[in-house]
Amino acid sequence: MTTWLLRAVAVAAVVWIVATRIVREPAPPPPAPAIAAVPAPPPRTRHLLPDGRPRHTNRLARESSPYLQQHAHNPVDWYPWGPEAFARAAAENKPILLSIGYSTCHWCHVMAEESFDDEGVAAFLNAHYVAVKVDREERPDVDAIYMAAVMSMGESGGWPLTVWLTPDRRPFYGGGYYPPATQGRRPGFLQVLQRLEAAWREQPGTIDAAAADVVQRLTTQLAPAAGDVAPDPEMLRRAVAVLQGRFDAAHGGFDRRPKFPRPLLLDVLLRWHRRTADPEALAMVTRSLEAMAAGGLHDQVGGGFHRYAPDAGWRVPHFEKMLVDNALLARLYLDAAEVTGRDDFAATGRDVLDWMLREMADPAGGFHAAIDADSDGGEGRAYTWTAGEVTAAVGPDLAPLALAYFGVGAAGAEVDGRSVLHVVAPLAAVAAQLGLAPGDAAARREAVRDRLRAARDTRPRPHVDRKVIAGWNALAVSALVRGAQVLRDPRYMVAATRTGALLAERLRVGDRLARSALGGVASGRAVLEDQAAAAGAFLDLAELTGDPRWLARAVAHQEELDARFADAERGGWFRTPADGEALLVREKPDWDGAEPSGSALALRNAQRLHLLTSEPRWQASAARALRAFGPALRENPDHLAAMLAAVDFALDAPKEIVVVAPPGGDPAPLAEVAQRAFVPNRALVVTREGDDLAAVAALVPWVAGKTARDGVATAYVCERQVCRQPTNDPAELAAELARAAPLPEG
């Protein structure tokens with residue numbers, strides 16, 4: 001046990017902290033079961049006292065955040081994050097109780113019902129603390145610092161995040177979900193509040209020493225000294241070896257439980273397979289994608305994926321759905337479809353994109369953030385079925401197929417006696433069991449899905465967090481671009497360009513990208529991951545549309561990113577802009593969470609921009625960042641999956657691809673081949689001779705001089721501006737793009 005933990009024990013007078021492996025993903029808080037024993041009530045009941053009288057409102061009623069609004073009727077005297085709360089804490093010499101969550105967080109709802117709606121807990125909090133609520137999706141910078149603080153104390157990461165601070169915002173104790181009363185080794189929330197309040201009064205020196213120790217740890221962890229390690233193949237080899245050791249051969253995915261999809265790690269394996277032809281790497285990807293698509297993690301009726309599965313076999317999910325997860329998974333399934341030629345992977349990618357368009361689109365533009373796990377008085381009620389409900393929804397003619405194919409009533413996939421739909425066997429096997437022809441079975445399956453979706457749409461719907469988050473929407477744009485490339489569905493191109501225009505033109509506060517919007521009203525400043533993901537989305541749109549204006553926007557956003565976020569001395573980028581709020585530490589993010597780290601996104605943009613523009617400043621920016629993050633890449637490669645993609649890029653001979661059509665000519669036969677191919681380290685330009693080519697060449701100089709040979713569309717594939725023989729033949733182009741440079745030795 002560390003010195004800090006010994007101090008914490010002295011403060012708390014009881015062993016509260018159980019050292020755990022550090023996890024950077026939210027996990028269900030032990031020892032609670034996957035399905036809450038105390039379900040979150042419908043939102044309307046939180047507005048009422050137990051006797052039915054209207055509950056008073058607190059300061060959070062004035063906030064726009066859906067999460068803060070959910071707590072506007074707690075009897076707790078909440079403050080939003082800001083100087084008013086900190087000034088009061090300092091003036092009254094009270095500690096701060098910081099509670100961080102988000103509106104679709106199931107365990108946040110549970111803790112609110114159990115503790116924050118409790119009059120006794122609220123009375124103690126209001127008397128002895130200044131209580132502050134933060135929406136982590138509006139303030140990821142605040143969340144990242146206090147999440148790191150809590151994990152440095154030995155707790156695993158997750159939400160709700162509960163942290164005790166000094167008035168100057170230094171953390172001295174923290175955890176995640178706290179039950180209302182002691183459960184085993186986890187103390188009850190009120191008990192923790194009481195003991196820490198006593199320690200605040202009686203042992204101020206110990207509290208101050210603990211806070212100082214945490215801040216020192218945060219400074220070392222979140223703003224590390226400059227590194228000077230060049231990227232090398234061993235970083236990729238070690239990452240793959242670690243993933244092989246963590247791989248669950250029986251069920252796919254990594255580790256045992258809880259099971260997160262980890263699309264960024266699977267992308268590393270796809271890239272590794274491309275460079276090495278390693279069959280084991282590809283097998284890990286395909287097994288994982290098969291199992292996730294067949295399991296309850298995948299919404300078999302409505303499309304899209306839930307957040308994670310508490311079990312190893314993906315059977316019963318935590319039912320929350322997040323835009324960012326689904327954007328990354330859609331792109332992964334589509335890339336895997338290109339690598340393997342498997343139609344089922346392409347179908348799953350389409351399923352996710354269609355779910356986004358159908359259920360997540362915001363009328364004002366862009367996509368909503370998330371859908372809650374809870375509805376109708378419990379977690380997952382919107383998604384689970386009884387055999388009777390299935391039969392009533394699909395009719396007796398389709399019921400046998402529906403019940404058999406989706407495992408209704410199967411052991412291990414039930415919640416409170418209700419089934420989570422999952423695919424128990426391939427359709428061909430179920431068809432044979434029922435005596436159906438394969439074609440008839442496929443048609444019946446689609447009819448079953450349509451009827452179940454229609455029936456489910458009549459149920460009470462889960463809460464939707466309608467925030468439009470810049471970075472998440474940028475990742476959605478990139479997924480839609482990939483959908484347009486692989487599936488050749490014009491709906492995805494329309495949605496991608498519309499959301500790209502929102503990011504470029506309307507999701508703004510003044511002349512800067514905003515963090516988010518609600519109801520079309522933008523607010524907050526973008527953090528690094530927003531700015532970097534937006535620039536990357538514009539690069540993807542330039543590749544898809546051939547419109548140089550998207551490339552110009554990407555350049556402008558990356559230039560602004562470097563001006564506001566770059567560490568000019570040590571390389572890399574900070575999460576917050578130079579003129580942002582001064583927090584305890586100015587973090588330089590490297591590890592991935594649910595989304596790629598902003599540093600990895602910015603680094604990959606710089607690499608792509610150098611490949612496109614040949615400008616040395618982008619190459620220098622990428623090289624500095626790679627060396628700065630080199631020690632972390634060497635020590636923890638599997639936690640920096642998105643940055644490993646930049647290592648792969650740096651060790652590759654990236655392809656420069658130009659498809660040129662004559663004026664009025666059709667580049668599509670060649671452009672479609674180039675766009676679909678899984679060539680992640682590339683710059684692709686599709687254009688026509690004349691004014692279009694001239695406009696592109698002004699930004700991409702190596703396009704100049706490329707012509708349509710013999711009056712028909714022509715493709716050029718180059719490496720380091722040395723080009724192979726131009727071709728008019730789509731098959732020849734596909735063969736050339738399939739050729740990958742092997743990893744260098746060393």
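Residues numbered from 1 in each chain as written. Predicted model: local features only at pLDDT ≥ 70, side-chain atom pairs only at ≥ 80, totals over all residues. Heavy atoms only, no water.

K.L.:
So, unusual backbone geometry: which residues are in play, and what are the values?
P.N.:
For the bond from Trp 159 to Pro 160, the omega torsion is 10 degrees, close enough to zero to count as cis. Counting through the fold element by element, Pro 160 comes out in the loop between α6 (140-152) and β4 (161-165). Of note, the phi angle at Ala 277 is positive, near 60 degrees, even though the residue is not glycine. Locating Ala 277 in the fold gives a position in the loop between α10 (263-276) and α11 (279-294). In this model, Arg 720 sits at a positive phi of 55 degrees, which is unusual for a non-glycine residue. With respect to the element layout, Arg 720 can be found in the loop between β20 (714-719) and β21 (722-723). (Helix = DSSP H or I, 4+ residues; strand = E, 2+ residues; numbered from the N terminus.)

K.L.:
Could you give an account of the nonpolar core, naming the residues involved and the relevant values?
P.N.:
If you look at the biggest cluster of nonpolar residues, it comprises 139 residues, and the most contacted ones within it are Leu 269, Leu 289, Met 292 and Met 356. If one sorts the elements of this core by residue count, helix α18 (residues 470-487) sits on top with 12 residues. The next biggest cluster of nonpolar side chains, apart from the first, holds 64 residues, and it includes Tyr 102, Val 121, Ala 148 and Met 153. (Core = buried A, V, L, I, M, F, W, Y, C linked by side-chain atoms within 4.5 Å. Buried < 20%, exposed > 50% of the residue type's maximum accessible area, 1.4 Å probe, protein only.)

K.L.:
An account of the sheet that holds β20 is needed here, citing residue identities and associated values.
P.N.:
The strands making up a sheet associate through hydrogen bonds between their backbones, and the pairing can be parallel or antiparallel. Spatially, the four strands line up as an open sheet ordered β19-β18-β20-β21, and their pairing is mixed. Only two strands of the sheet have a single partner each, and these edge strands are β19 (682-688) and β21. With two bridges joining them, β20 and β21 adopt antiparallel strand pairing. Bridging across to β21, Glu 719 finds its partner in Val 722. (Pairing = 2+ DSSP bridges.)

K.L.:
Explain the state of the cysteines residue by residue, including any values.
P.N.:
Under the definition given, this model contains two disulfides. Across the disulfide, Cys 718 is cross-linked to Cys 723 (sulfur-sulfur distance 2.0 Å). Taking the torsion about the sulfur-sulfur bond, which here is approximately 90 degrees, the covalent link between Cys 718 and Cys 723 counts as right-handed. The exposure class assigned to Cys 718 is buried, which follows from its relative accessible area of 1%. Judged by its relative accessible area of 36%, Cys 723 is partly exposed. (Disulfide = S-S within 2.5 Å.)

K.L.:
How would you explain the side chain of Lys 321 if you had to name every residue and give the values?
P.N.:
Mapped onto the secondary structure, Lys 321 falls in strand β6 (residues 321-322). In this structure Lys 321 comes out as buried when scored by relative accessible area, which is 0%. A polar contact of 2.7 Å, which involves the side chain of Lys 321, links it to the backbone oxygen of Gly 303. (Polar contact = N/O pair within 3.5 Å; in protein donor to acceptor, adjacent residues only side chain to side chain.)

K.L.:
Before we move on, can you summarise the packing of aromatic side chains with the specific residues and values?
P.N.:
Counting across every chain of the model gives 18 aromatic pairs. Centroid distance Tyr 102 to Trp 159: 6.0 Å. Interplanar angle 80 degrees. Geometry classified as edge-to-face. You can see Tyr 102 sitting in the loop between β2 (96-101) and α4 (106-116) and its partner Trp 159 sitting in the loop between α6 and β4, a full 57 residues away along the chain. Accessibility classification places Tyr 102 together with Trp 159 in one group, the buried group. An angle of 35 degrees between the planes, with centres 6.2 Å apart, marks the rings of Tyr 178 and Phe 189 as tilted. Placement of the pair is Tyr 178 in the loop between β5 (171-175) and α7 (189-202) and Phe 189 in helix α7, with a sequence separation of 11 residues. Accessibility assignment for this pair places Tyr 178 and Phe 189 in one class, buried. Clustering of aromatic rings is evident, with ring pairs tying together Trp 78, Phe 116, Trp 164, Tyr 173, Tyr 178 and Phe 189. Positioned over the ring face of Phe 86 is Arg 169, at 5.3 Å from the centre of the ring. (Phe/Tyr/Trp six-rings, centres within 6.5 Å; stacked < 30°, edge-to-face > 60°. Lys NZ or Arg CZ within 6 Å of the ring centre and 35° of its normal.)

K.L.:
Give me α11: which residues, what numbers.
P.N.:
Think of an α-helix as 3.6 residues a turn; residues three or four steps apart then line up on the same face. Taking 1.5 Å of rise per residue, 16 residues should cover 22 Å, and α11 covers 22 Å from first to last C-alpha, within 8% of that figure. All of the buried residues in α11 are Ala 281, Leu 282, Met 284, Val 285, Thr 286, Ser 288, Leu 289, Ala 291, Met 292 and Ala 293. Lining the buried residues of α11 we find α9 (233-246), α10, α12 (323-340) and α13 (343-360). The N-terminus of α11 is capped by Asp 278, whose side-chain oxygen sits 2.9 Å from the backbone nitrogen of Glu 280. (Expected span 1.5 Å × (residues − 1). Contact = heavy atoms within 4.5 Å.)

K.L.:
Break down the pairing of strand β18 (residues 655-661) for me, citing the residues and quoting the values.
P.N.:
For β18, the tally of buried residues reaches seven of seven residues, placing the bulk of the element in the interior. Residues Lys 655, Ile 657, Val 659 and Ala 661 of β18 are buried on one face, and the alternating residues Glu 656, Val 658 and Val 660, pointing to the opposite face, are buried as well. Where β18 lies against β19, seven bridges are found, and the strand directions are parallel. By the bridge assignment for β19, Lys 655 is matched with Arg 682. In this structure, β18 lies alongside β20, joined through six bridges in antiparallel fashion. Bridge pairing links Val 660 to Thr 714 in β20.

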